[in-house]
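# Observations on the model geometry
Chain by chain, the residues run as shown.
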There are 2 protein chains.
Amino acid sequence: MTYALLNKLTAQPGERDAVIRHLLEAGASFEDDDACLLYLVMEAAEPDVVWVVDLWTSEVRHADALTGPDLRPHVEATMPLLKAPPEQIEVRPRGGKGPG
Amino acid sequence: MTYALLNKLTAQPGERDAVIRHLLEAGASFEDDDACLLYLVMEAAEPDVVWVVDLWTSEVRHADALTGPDLRPHVEATMPLLKAPPEQIEVRPRGGKGPG
């Protein structure tokens, strides 16, 4: 397996659904990107919290995808809806079942 | 999408690779289980920490899989290698790209 990221986002109270909507719209551009193996947007039982799990064929291809013009407006719209900067947990896949 | 779980495990110092080995061996039984969509074992940049992301077709099918006889010895062998009980983060998939 490949390049993975765990992201924890905490929305301003009441803004979680708006954050999720932007994340899903931003991720629509990954559908046709064969470098994106997984982009899973989840809401936590904990209020206001969103988790995103990313799996990509490489770190470089992930960085490339983030420069896409479709993404920028969603990133900019999401930032003010968050209570704090996104928490990014660096991880390295070691195996298991799944894409990649 | 379906039933998801984020699990954070913290190994005793020096035991992370042993924990990962048990997790991968335990997960081998999921390969032929069509209810398991994703079982991703990752090591964090943070020392001793392991993350496991699970995606299943349903909570019931996940609970069923945990009763498998192949799993039990690995669970029992892993517990003493951990510094604390596994931290399980309840999440609900909202969308994105991936299996399911």
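See the structure shown above.
Now for a look at the structure at hand. (Residues numbered from 1 in each chain as written. Chains lettered and ligands numbered in written order. Predicted model: local features only at pLDDT ≥ 70, side-chain atom pairs only at ≥ 80, totals over all residues. Heavy atoms only, no water.)

As a further point, take unusual backbone geometry. Among all residues except glycine, the phi angle is most often negative; among peptide bonds, the trans geometry is most common. Here D48 of chain A, not a glycine, exhibits a phi torsion of approximately 75 degrees, which is positive. Turning to its location among the elements, D48 of chain A is positioned in the loop between strand 2 (36–44) and strand 3 (49–56). (Helix = DSSP H or I, 4+ residues; strand = E, 2+ residues; numbered from the N terminus.)

Looking now at helix 1 (residues 16–27) of chain B. Between its terminal C-alpha atoms helix 1 of chain B stretches 16 Å, which fits the 16 Å expected from 12 residues at 1.5 Å a residue. Those residues of helix 1 of chain B that fall on the buried side of the exposure criterion are R16, A18, V19, I20, H22, L23, A26 and G27 of chain B. (Expected span 1.5 Å × (residues − 1). Buried < 20%, exposed > 50% of the residue type's maximum accessible area, 1.4 Å probe, protein only.)

This part is about the relation of the copies chain A and chain B. Superposing chain A onto chain B requires a rotation of 180 degrees together with a translation of 0.0 Å along the rotation axis, leaving an RMSD of 0.0 Å. Within this description, the copies of the chain are treated as partners about a two-fold rotation axis. Most of the interface of chain A is mirrored in chain B, where 100% of its interface residues are also at the interface. (Least-squares fit on C-alpha atoms with pLDDT ≥ 70 in both. Contact = heavy atoms within 4.5 Å.)

Further remarks concern the interface of chain A and chain B. If you look at the interface, chain A gives 33 residues, while chain B gives 33 residues. In this assembly, chain A packs against chain B so that about 2,800 Å² is buried in total across both faces, 61% of it on carbon and sulfur atoms. Its largest share of buried area at the contact with chain B, chain A owes to E43, R94 and K97 of chain A, together 28% of the area lost on that side. Inspection of the chain A/chain B interface yields 6 salt bridges. Linking D17 of chain B and R94 of chain A is a salt bridge whose minimum nitrogen-to-oxygen distance equals 3.0 Å. Put simply, chain A and chain B have 22 residue pairs in polar contact (both at pLDDT 80 or more) between them. (Buried area = accessible area lost by both parts, 1.4 Å probe. Salt bridge = Lys/Arg side-chain N within 4 Å of Asp/Glu carboxyl O. Polar contact = N/O pair within 3.5 Å; in protein donor to acceptor, adjacent residues only side chain to side chain.)

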